[in-house]
Amino acid sequence: MAKTNTTELLEALAAEIGDNIYIDIAKWHLYLSNAKLHTVVAEQLYPLITSKAVTEDRVTQVLESITVKIGGGRRELPLIDLLPLQCQVNLVDILERYQREI
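Predicted, not measured: the structure shown is a model, and the values here were computed from it.

(A) A look at the overall build of the protein. Each helix and strand counted, the protein has four helices and four strands in total. Counting helices and strands in the order they occur from the N terminus, the protein gives α-β-β-α-α-β-β-α. Seen through its principal axes, the protein has C-alpha atoms that stretch 40 × 25 × 20 Å. Counting all 102 residues of the protein, 36% fall into the buried class. Summed over its atoms, the accessible surface of the protein is roughly 6,400 Å², and 51% of this surface lies on carbon and sulfur atoms.

Right, dumping it as structure tokens:
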């Protein structure tokens, strides 16, 4: 039963991240769900929620560790470099809300 709850929470978190957080490339907004990054981001950040360790610094560290392939895989950039500051703030807000609710 707990696994179902964890799975449901992770899916809900991924959906919310995918719908609200985007990468900005040349003023184009590519939402993480469209970029197929929302699930990876949610899976990497979920342990911060369950351990009640959501802070801006910890979230930034996780975002720095997630790489995004660009140019057909010729290069990789940390996700943090592609997210506007406002999206980073929104992401922390989303994570803090989930942390309070579990």
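Next comes the rest of the account.
(B) Structural detail: the nonpolar core. Residues Leu13, Val59 and Leu79 are the most contacted members of the largest nonpolar core, which totals 31 residues. Broken down by secondary-structure element, the contributors of at least two residues to this core are helix H1 (2–20), strand S1 (22–25), helix H2 (38–50), helix H3 (56–65) and helix H4 (85–101). Among residues more than four places away in sequence, those in contact with Val59 are Leu45, Leu48, Val54, Leu91, Val92 and Leu95.

(C) Inspection of H2 at higher detail. Over its 13 residues, H2 runs 18 Å from end to end, which matches the ideal 18 Å to within 8%, given 1.5 Å per residue. In the structure, H2 departs most strongly from a straight axis at Gln44, where the bend amounts to approximately 30° and where the proline Pro47 lies between one and four residues downstream. Listed as buried for H2 are His38, Val41, Ala42, Leu45, Tyr46, Leu48 and Ile49. At the exit of H2 stands Lys52, carrying a positive phi of roughly 55°.

(D) Structural detail: the packing of H3 against H4. Relative to each other, H3 and H4 sit at 115°, their axes nearing to 10 Å. Relative to H4, the element H3 is oriented roughly perpendicular. Taken as a pair, H3 and H4 cross one another with a handedness that is right-handed. Contact residues: H3 offers Glu56, Val59 and Leu63, while H4 offers Leu91, Val92 and Leu95. When grouped by side-chain class, the residues that make up the contact of H3 with H4 number five nonpolar, no polar and one charged.

(E) How the structure looks around the packing of aromatic side chains. Counted under the stated rule, the structure contains one aromatic pair. Arranged with centres 5.3 Å apart and planes meeting at 65°, the rings of Tyr22 and Tyr31 form a pair that is edge-to-face. You can call Tyr31 partly exposed: its relative accessible area is 31%.

(F) Just the pattern of salt bridges, in detail. Applying the stated rule across the entire model yields two salt bridges. Between Arg97 and Glu16 there is a salt bridge, and its shortest N-O distance comes to 2.2 Å. Taken as a pair, Arg97 in helix H4 and Glu16 in helix H1 lie far apart in primary sequence, 81 residues in all. Glu101 is the salt-bridge partner of Arg97, the closest N and O atoms lying 4.0 Å from each other. With a gap of four residues between them, Arg97 and Glu101 both fall in helix H4, about one helical turn apart. Since its relative accessible area comes to 59%, Glu101 is described here as exposed. One continuous salt-bridge network, built from bridges that share partners, spans Glu16, Arg97 and Glu101.

What counts as what
- Residues numbered from 1 in each chain as written.
- Predicted model: local features only at pLDDT ≥ 70, side-chain atom pairs only at ≥ 80, totals over all residues.
- Heavy atoms only, no water.
- Helix = DSSP H or I, 4+ residues; strand = E, 2+ residues; numbered from the N terminus.
- Buried < 20%, exposed > 50% of the residue type's maximum accessible area, 1.4 Å probe, protein only.
- Areas by Shrake-Rupley, 256 points an atom, 1.4 Å probe, with all protein chains shown as cover.
- Core = buried A, V, L, I, M, F, W, Y, C linked by side-chain atoms within 4.5 Å.
- Contact = heavy atoms within 4.5 Å.
- Expected span 1.5 Å × (residues − 1).
- Bend = angle between axes of the 7 residues up to and from the residue.
- Axes fitted to C-alpha atoms, helices over the stretch in contact; angles between N-to-C directions.
- Parallel < 35°, antiparallel > 145°, perpendicular 65-115°, else oblique.
- Left-handed = near helix turned anticlockwise from the far one by under 90°.
- Nonpolar A, V, L, I, M, F, W, Y, C, P; charged D, E, K, R; others polar.
- Phe/Tyr/Trp six-rings, centres within 6.5 Å; stacked < 30°, edge-to-face > 60°.
- Salt bridge = Lys/Arg side-chain N within 4 Å of Asp/Glu carboxyl O.

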